[in-house]
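Here's the letter readout for the chains.
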Amino acid sequence: DQPGTLARTFLSEDTTMWRYITSQSKEENPMEKAEEMFRTSCQWRDDISLVNTLYPEWRNNLTDPDKPRATSARARFGDLIYHGGMLKAKCCIAEGASLGGPVLLERLGMVDLPGLYADEYAFNCAQTSYIINLEEAWNSVRATSSVPKVRGMFIMDMSGTGLSMLGYISTIKALTKQGILRYPEISQRVYLANAGWVLSTLWEAAKPFIPARTLFKVKIVGSTSAEQEAIFNDVEGGAASLPTYLGGELLPDQCPQLCPALSVDDAYGVVLKEILDSHEKKTEILYPSDTEEFLAAALVHARKQSSS
């Protein structure tokens, strides 16, 4: 590796390398597996130009709440479709090194899976938004110096999920496959919240096939306040730091960092309106880098919709 590369930066961070090694500690030849995972994840970041291109494209504006965080139409579109984000509050799990880690929220039941299945452009944009959110969490755990081996927490809001999702398992896998492969040991705990009987039944059936290390992290909670108390205890501020659909006190407009999980149709409409409004007002033209590409994708989508 050449000096200054991302791989060399990671190599200089003891706790980052600990994440790769720990994630493979139960495998045969764990050091070889850890090295392979490290090299492929660094190469993957280079191949998709994650650090130099995608991340600033998706997260260029983090200071002005009245403007989108994205600088391109595809990034704005992806964030509108994506179903989660990172909360402002930090993790405070009592056991383990998790004080100050990130809290990521995903609303799987809100995803427009039929829309993503039918529209490759929309799928690619949403998948990149998913990656960007994981990269934010990765950078957060790397930057936390008070607890060197800090990890965070995932909260999966399962309300709205059901048997119909089984028809889109391949889409869900493709959307989320980079998480385990590229971001080792960023979570101490995973909550499956608002879990109904379908999820609970499927989970019981799947448990024997899930590695013990992963199984230990997962906790299923229902929708009652008594059950969700466990989540409150693991997040700084408790209910005051969580949205209402998790039993918390924050309304949707108080969580602007969470992507809204719009349908593919609605997301196309929002971005189109933003582009047209910026041209009509002749002020700052939004998304000049890829407006034509987005409009072409929107036209293909509209033709498919009209013919179906």
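Here is what the cut-offs are and how they apply
Residues numbered from 1 in each chain as written. Predicted model: local features only at pLDDT ≥ 70, side-chain atom pairs only at ≥ 80, totals over all residues. Heavy atoms only, no water. Helix = DSSP H or I, 4+ residues; strand = E, 2+ residues; numbered from the N terminus. Rg over C-alpha atoms; globule rule 2.2 N^0.38 Å. Contact = heavy atoms within 4.5 Å. Areas by Shrake-Rupley, 256 points an atom, 1.4 Å probe, with all protein chains shown as cover. pLDDT = per-residue confidence, 0-100. Buried < 20%, exposed > 50% of the residue type's maximum accessible area, 1.4 Å probe, protein only. Pairing = 2+ DSSP bridges. Axes fitted to C-alpha atoms, helices over the stretch in contact; angles between N-to-C directions. Salt bridge = Lys/Arg side-chain N within 4 Å of Asp/Glu carboxyl O. Core = buried A, V, L, I, M, F, W, Y, C linked by side-chain atoms within 4.5 Å. Parallel < 35°, antiparallel > 145°, perpendicular 65-115°, else oblique. Left-handed = near helix turned anticlockwise from the far one by under 90°. Nonpolar A, V, L, I, M, F, W, Y, C, P; charged D, E, K, R; others polar. Polar contact = N/O pair within 3.5 Å; in protein donor to acceptor, adjacent residues only side chain to side chain.

Trainee: Is there a simple way to explain the overall build of the protein chain in this structure?
Mentor: For the protein chain, the helix and strand inventory stands at 14 helices and 5 strands. Relative to the compact-globule value of 19 Å for 308 residues, the protein chain shows a C-alpha radius of gyration of 20 Å, a close match. The C-alpha extent of the protein chain, read off along each of the three principal axes, is 55 × 55 × 35 Å. Sequence separation of at least 24 residues holds for 73% of the intrachain contacts in the protein chain that already meet a minimum separation of 6. For the protein chain, the exposed area adds up to about 15,700 Å²; of that, 56% sits on carbon and sulfur atoms.

Trainee: What should I look at first to understand the confidence of the model for the protein chain in this one?
Mentor: Atomic detail in the predicted coordinates should be set aside for any region of low pLDDT. Confidence in the prediction for the protein chain averages 87 pLDDT; 91% of positions are at 70 or higher. Confidence, read as mean pLDDT per element, is least for helix H10 (residues 197-206) in the protein chain (70) and greatest for helix H5 (residues 73-81) (96).

Trainee: Explain unusual backbone geometry to me, please; I cannot follow it from the model alone.
Mentor: Note: most residues except glycine have negative phi, and most peptide bonds are trans. Of note in this structure, Asn-29 is not a glycine but carries a positive phi near 50°. On the secondary structure map, Asn-29 appears in the loop between helix H2 (14-23) and helix H3 (30-47). Residue classification places Asn-29 among the partly exposed positions, given a relative accessible area of 48%. Its identity is not glycine, yet Ser-49 carries a phi of approximately 55°, on the positive side. Relative to the elements of secondary structure, Ser-49 occurs in the loop between H3 and helix H4 (50-58). You can call Ser-49 partly exposed: its relative accessible area is 26%.

Trainee: Before we go on, may I ask you to explain the sheet that holds strand E2 (residues 102-107) in this structure?
Mentor: The strands that make up a sheet are held in pairs by hydrogen bonds between backbone atoms, and each pair lies either parallel or antiparallel. What the 5 strands build is an open sheet, ordered E1-E2-E3-E4-E5; its pairing is mixed. Edge positions in the sheet fall to strand E1 (84-90) and strand E5 (218-220), since each of these pairs with one other strand and no more. Strand-to-strand, the axes of this sheet are offset by a mean angle of 20°, without reference to chain direction. With 4 bridges joining them, E1 and E2 adopt antiparallel strand pairing. Opposite Gly-84, over in E2, you have Glu-106 as the bridge partner.

Trainee: Is there a simple way to explain the pattern of salt bridges in this structure?
Mentor: Pairing is possible between side chains that carry opposite charge, provided their charged atoms lie close to one another. What the rule picks out here adds up to 13 salt bridges. We note a salt bridge from Glu-57 to Arg-74, for which the minimum N-O separation is 2.6 Å. Highlighted residues: Glu-57 in helix H4 and Arg-74 in helix H5, separated in sequence by 17 residues. On the accessibility criterion, Arg-74 (25% relative accessible area) is partly exposed.

Trainee: Please explain the nonpolar core as it appears in this structure.
Mentor: Note that soluble globular proteins tend to have their nonpolar side chains buried in a common cluster. Phe-77 and Leu-116 are the most contacted members of the largest nonpolar core, which has 61 residues in total. The biggest single contributor to this core is helix H7 (residues 120-143), with 12 residues. The contact partners of Leu-116, leaving out residues within four places of it in the chain, are Ile-81, Val-111, Ala-122, Phe-123, Ala-126, Thr-171, Leu-175 and Val-264. If you look at the next biggest cluster of nonpolar residues, it comprises 20 residues, including Val-103, Met-153, Phe-232 and Leu-246.

Trainee: Would you mind going over the packing of H2 against H7 with me for this structure?
Mentor: Any two packed helices are characterised by the angle at which their axes cross and by the distance between the axes. Closest axis-to-axis distance for the H2/H7 pair is 9 Å, and the angle between their directions is 120°. Relative to H7, the element H2 is oriented oblique. Once H2 is placed against H7, the crossing between them reads as right-handed. Contact residues: H2 offers Thr-16, Arg-19 and Tyr-20, while H7 offers Trp-138, Val-141 and Arg-142. Residues of the contact of H2 with H7, tallied by class, amount to 3 nonpolar, 1 polar and 2 charged.

Trainee: I tried to follow the environment of Leu-258 on my own but got confused; where do I start?
Mentor: Within the secondary structure layout, Leu-258 lies in the loop between helix H12 (225-233) and helix H13 (264-281). For the pair formed by Leu-258 and Phe-294, sequence separation is 36 residues and the distance between their alpha carbons is 23 Å. When residues no more than four places from it in sequence are discounted, the contact partners of Leu-258 are Gly-84, Gly-85, Met-86, Leu-87, Leu-105 and Tyr-245.

Trainee: I'm lost on the side chain of Glu-274 in this one. Help?
Mentor: In this structure, Glu-274 sits in helix H13. In terms of polar contacts, Glu-274 uses its side chain to reach the side chain of Arg-76, at 2.7 Å. Look past the residues within four positions of Glu-274 in its chain and what remains in contact with it is Pro-68, Arg-76, Leu-286 and Tyr-287.

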